[in-house]
Amino acid sequence: MELFRSVLFFLRLPFVRLYIKLRYKDYWALREHLQVKDARRGKPSRLLWRACDRHFWKQGSFIGRGARFAGRPYFPHGCVGVFISNDAVIGKDAVIFQQVTIGSNTLPDSKHPGAPTVGDGAYIGAGAKIIGGITVGDHCRIGANAVVVKDMPPHSVAVCAPTQIIQKENLDNTFRVKINGVDCVSRDGRLVKETN
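Not measured: the values here are computed from a predicted model.

Asks: What's the story with the overall build of the protein in this structure? I'm lost.
Replies: On a plain count of helices and strands, the protein comes out with three helices and 17 strands. Contacts in the protein between residues far apart in sequence, at least 24 positions, make up 32% of those at least 6 positions apart. A total of about 11,200 Å² of accessible surface is found on the protein, and carbon and sulfur atoms cover 56% of it.

Asks: Would you explain the side chain of N173 in this entry?
Replies: Position of N173 among the secondary structure elements: in the loop between strand 14 (164-167) and strand 15 (176-179). Within the structure, the side chain of N173 is placed 3.2 Å from the backbone oxygen of G121, a separation counted as a polar contact. Reaching out from N173, the side chain makes a polar contact with the side chain of R141 at a distance of 2.5 Å. With near-sequence residues (within four places) excluded, N173 lies in contact with V95, G121, Y123, H139, C140 and R141.

Asks: How should the sheet that holds strand 14 be read in this particular structure?
Replies: Hydrogen bonds between backbone groups are what pair the strands of a sheet, and the pairing can be parallel or antiparallel. The five strands lie next to each other as 5-8-11-13-14, forming an open sheet whose pairing is mixed. Among the strands making up the open sheet, the edge pair consists of strand 5 (95-96) and strand 14. Here two bridges tie strand 5 to strand 8 (residues 123-124), and the two strands are oriented parallel to one another. Residue pairing across strands places V95 opposite Y123, the latter belonging to strand 8.

Asks: Would you explain the pairing of strand 17 (residues 190-193) in this entry?
Replies: The two faces of the sheet receive side chains in turn, since in a regular strand these alternate between them. In this sheet, strand 17 lies alongside strand 16 (residues 182-187) in antiparallel orientation, the contact comprising four bridges. The residue of strand 17 that forms the bridge with R187 is R190.

Asks: When you look at unusual backbone geometry in this model, what are you seeing that I'm missing?
Replies: Excluding glycine, residues mostly carry a negative phi; peptide bonds, for their part, are mostly trans. Backbone geometry places K25, a non-glycine residue, at a positive phi of 80°. If you trace the backbone, K25 turns up in the loop between helix 1 (2-23) and helix 2 (27-39). If you check the backbone angles, D93 has positive phi at about 55° while not being a glycine. Relative to the elements of secondary structure, D93 occurs in the loop between strand 4 (89-90) and strand 5. According to the relative accessible area criterion, D93 is partly exposed, its value standing at 23%.

The rules behind each value
- Residues numbered from 1 in each chain as written.
- Predicted model: local features only at pLDDT ≥ 70, side-chain atom pairs only at ≥ 80, totals over all residues.
- Heavy atoms only, no water.
- Helix = DSSP H or I, 4+ residues; strand = E, 2+ residues; numbered from the N terminus.
- Contact = heavy atoms within 4.5 Å.
- Areas by Shrake-Rupley, 256 points an atom, 1.4 Å probe, with all protein chains shown as cover.
- Polar contact = N/O pair within 3.5 Å; in protein donor to acceptor, adjacent residues only side chain to side chain.
- Pairing = 2+ DSSP bridges.
- Buried < 20%, exposed > 50% of the residue type's maximum accessible area, 1.4 Å probe, protein only.

Everything listed is a geometric property; what it means functionally is a separate question.
Here it is, written out as structure tokens:
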């Protein structure tokens, strides 16, 4: 029976992709729609959830269905190899590079069991790991390959092993890039023209 369902899913997949593109424009919009339906105790389409999961799996990523985002994160190098736990909470305007893990700690004797909460404007470098029921404050920077297992106050920086927390004042972690001579910034998961 499961084989039959899988074959049926793959036969429908091109039509499902077209429907998602026409109705929702992208997979993040679909994901937001499905989560709102879940929150209202509606019954979201299993087929659409499966298509959404498949989209991320094809990139080697896992974004838990229960993970909550205050706004769309921006992935400068695509959502490649990113793992975000089912219970993680991510603030708005987060910049997340490739190979990042935002994972739960389920060990019963752990100091910080649970999933991380990441504040607004976080900048998470390639290969960074944020593990356990910790809080990463607003506008924090986490360097490439840093492993964060304890709370970070707002406007602080975590650098590589062993992780050191450096307190800063008023960090601006807006991702900036120049495209065809136009200054752009990341806002709500998209690059937009920078306005001064």
